[in-house]
Amino acid sequence: MRFAPSPTGHLHVGGARTALFNWLHARHHGGTFILRIEDTDRSRSTEENIDFIIEALTWLGLDWDEGPPAPAYRQTERTDLYRDHAARLLAAGRAYYCACPPDMLDAERKQAEAKKETYRYPGRCRDRGLTSGAIRLRIADEGETVVDDLINGRVVFDHHQLDDWILVRTDGTPTYNFCVVVDDVTMRITHVIRGNDHLSNTPKQILCYAALDYATPVFAHVSMILGADRSRLSKRHGAASVQAFRDQGVLPEAMVNYLARLGWSHGDQEIFTRDELVQLFDIEDVASSAAIFDQTKLSWLSQQYLKAMPGDRLAERVRPFIARAGVDGAVSDATLARIADTLKERASTLVELAEIGRFYFERPREYDAKASAKFFTRDGRERLGVLIERLSAVPDFDVATVERVYRELTDALGLKLVELAQLTRLAVTGRTASPPLFEVLSILGREETLARLGAARATAEAAA
Ligand code: GLU
């Protein structure tokens, strides 16, 4: 199995799913998963994009058994192989040199286009015995080539749709399809799982395997991923690259789960551990119809994974997002784990988690206006005073102690717990919605809690 991205951009969601399906297939069958960089198109390939792809695959946890940084897994490092294979085909008479001038070919192509026909090179140079020029594969004029696809079934290509295609250009550079074939045979690829935008290349490639006397691999062409408007998923639809989702703070576990379910299913099950995916995945169960990218479902899955993740692991994941939100989150791992535990039910991404947790690190700059009118009254001010007094006196600031103070005070003041709780929430976070209050206060600690209650009292004083 191999994943063979062209490094012409970030890793697209469709590419990531292709990589995942290859990886799952390899892991399920105990095969080898190879990463190959298809950088023959030098004008569009960049080192930066190779790094992006490697980073994205690593983030998804799709580890490869063979591939970069080892040498010879980039097409630009494999030129000798292409040359040798072309020489073999020439020697066997299965390929030939063609010296047709480009403008002649162009004119013929234009003529065909004008008649709305597919252009076919007529094989003019087949038997001229030339010794230089472009190298073309000799194919039979009549007949058909069948792709027995694991996902799409039997797809038949009539040879009238094909022609003696170019393996090596006049300038000596190998063409894309030829590189793919030579790579797949020399890497001993048994299964080619790739996007169905490559299905039309497959008969050409099959003919080339045959010319080289190699057995053809098994093919599985995966459908495209579409946006809600049924056009191909792109940046226009919002995030379309793996990096974009990573930067939004989607957990990689959720992303893998989501991608696996795009076109593949196992009963009604939605959530799969990685081991389950490896165990259950079968490429033949992948649907041939296009998959629609569903952002709502990805968010839902992401939330499920956040919720299920223990605080200490979540803390590690969210720390960079806190920094990126411009928040000074200098707390210990243990405290951050407690913080994360109070927030994880309320967010569907790490970005959201960092945002809703901002109050832990920053004192309120302002208080919700409606709630201030309700709570920062003369009574409110007095209650804040009593709270400050009582909370200063408790020996510990653990959740149980803080809760006890509140319960005792509500009784003593003849109030409902919610009244004191909402007043405190407003004072401490600036708003009336927050994670469980006693947990929040205990995490903030005595000093910080008292400082915030004091600031709120001063505000209430000024307002009253
Ligand atoms: N390099 C091709 C792409 O990125 C994949 C070709 C293949 O898998 O055969 O679309």
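Basis of the calculations
- Residues numbered from 1 in each chain as written.
- Predicted model: local features only at pLDDT ≥ 70, side-chain atom pairs only at ≥ 80, totals over all residues.
- Heavy atoms only, no water.
- Helix = DSSP H or I, 4+ residues; strand = E, 2+ residues; numbered from the N terminus.
- Expected span 1.5 Å × (residues − 1).
- Bend = angle between axes of the 7 residues up to and from the residue.
- Salt bridge = Lys/Arg side-chain N within 4 Å of Asp/Glu carboxyl O.
- Buried < 20%, exposed > 50% of the residue type's maximum accessible area, 1.4 Å probe, protein only.
- Pairing = 2+ DSSP bridges.
- Axes fitted to C-alpha atoms, helices over the stretch in contact; angles between N-to-C directions.
- Contact = heavy atoms within 4.5 Å.
- Core = buried A, V, L, I, M, F, W, Y, C linked by side-chain atoms within 4.5 Å.

1. Points about helix 19 (residues 437-463)
The terminal C-alpha atoms of helix 19 lie 25 Å apart, and with 27 residues this falls more than 12% below the ideal 39 Å at 1.5 Å per residue. At Gly-445, helix 19 is bent by approximately 110 degrees, the largest bend along its length.

2. Some words on the pattern of salt bridges
Applying the stated criterion across every chain, the model contains 37 salt bridges. The partner of Asp-184 in a salt bridge is Arg-36, and the shortest N-O contact between them spans 2.7 Å. One end of the pair, Asp-184, is in helix 5 (residues 176-186); the other, Arg-36, is in the loop between strand 2 (34-35) and helix 2 (47-60), with 148 residues separating them in the sequence. Judged by relative accessible area, Asp-184 falls into the buried class, the value being 1%. Its relative accessible area of 0% is what places Arg-36 among the buried residues.

3. A closer look at the sheet that holds strand 3 (residues 95-98)
Across the sheet, three strands lie side by side as 3-4-7; this open sheet has antiparallel pairing. At either end of the open sheet lies a strand with only one pairing partner, and these are strand 3 and strand 7 (166-168). When the angles between neighbouring strand axes are averaged without regard to direction, this sheet yields 45 degrees. Alignment of strand 4 (residues 134-137) against strand 7, held across two bridges, turns out to be antiparallel. Considered in strand 7, the bridge of Arg-136 is made with Ile-166. Packed on one face of the sheet, helix 3 (residues 79-91) meets strand 3, strand 4 and strand 7 and runs near 95 degrees to strand 3.

4. Considerations on the nonpolar core
The biggest cluster of nonpolar side chains holds 102 residues, and the ones touching the most others in it are Val-13, Leu-20, Phe-21, Phe-293, Tyr-360 and Phe-376. Per-element tally for this core: the top contributor is helix 19, with ten residues. Not counting residues up to four positions away in its chain, the partners in contact with Phe-376 are Tyr-367, Ala-371, Leu-384, Leu-423, Leu-426, Ala-427, Ala-456, Thr-459, Ala-460 and Ala-463. Core analysis: the next-biggest nonpolar cluster, separate from the first, contains 32 residues, Tyr-73, Leu-89, Val-192 and Leu-212 among them.

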